[in-house]
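Analysis of the macromolecular model
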Amino acid sequence: MPLQMGMVEAVGSEESYYIQLRKDYRKRLDILKKGFDEMEIPYLAPEGGYFLLVDFSGFGWKDDFDFTKYITEHIGVSARPLSGFYSNETLTKQSVWLRFAFCKEEEVLKEAIERFKKIKWQQC
């Protein structure tokens, strides 16, 4: 479907579609929040959007790009290092914040949390 047609369809959607979408995204966000709460890993939840910012600064890593590479290679979970969105002066070099999209299927999010639970944090 061409982009213009998709936009027209989205604008013409019933309000109930957006209400359900908001509920679905809230449920997906809650999956990640609950998982990180259980592991006692701090995060910042969005007031809008579909990214959860998670703080791995307390796990011994000094570079968020290295940590992102580690989790991708060792547990198969992808994230974006937050420092890529800011100038070097904005974040300290010891800050390891990652951005996780929760606009995924619920099962994918649950599996990501289970994979995080298997990390040997002391080895990081």
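Calculation notes
- Residues numbered from 1 in each chain as written.
- Predicted model: local features only at pLDDT ≥ 70, side-chain atom pairs only at ≥ 80, totals over all residues.
- Heavy atoms only, no water.
- Helix = DSSP H or I, 4+ residues; strand = E, 2+ residues; numbered from the N terminus.
- Expected span 1.5 Å × (residues − 1).
- Buried < 20%, exposed > 50% of the residue type's maximum accessible area, 1.4 Å probe, protein only.
- Arc of directions from axis to C-beta.
- Polar contact = N/O pair within 3.5 Å; in protein donor to acceptor, adjacent residues only side chain to side chain.
- Salt bridge = Lys/Arg side-chain N within 4 Å of Asp/Glu carboxyl O.

With 12 residues, helix H3 (residues 64–75) should cover 16 Å at 1.5 Å per step; its first-to-last C-alpha distance of 16 Å lies within 8% of that length. Residues of H3 that are buried include every one of Asp-64, Phe-67, Thr-68, Tyr-70, Ile-71 and Ile-75, and no others. Seen along its axis, H3 keeps its buried residues to an arc of 160°; they face one direction. Facing away from the buried surface of H3 by more than 90 degrees, the exposed residues are Lys-69 and Glu-73. Where H3 starts, the residue carrying a side-chain oxygen 2.8 Å from the main-chain nitrogen of Phe-65 turns out to be Asp-63. Taken from the residues just after H3, Gly-76 is the one with a positive phi, measuring 75°.

The next thing to look at is the pattern of salt bridges. Evaluation of the coordinates by the stated rule reveals 7 salt bridges. The salt bridge partner of Glu-106 is Lys-27, with a shortest N-O separation of 3.6 Å. Taken as a pair, Glu-106 in helix H4 (residues 106–117) and Lys-27 in helix H2 (residues 15–38) lie far apart in primary sequence, 79 residues in all. Residue classification places Lys-27 among the partly exposed residues on the basis of a relative accessible area of 47%.

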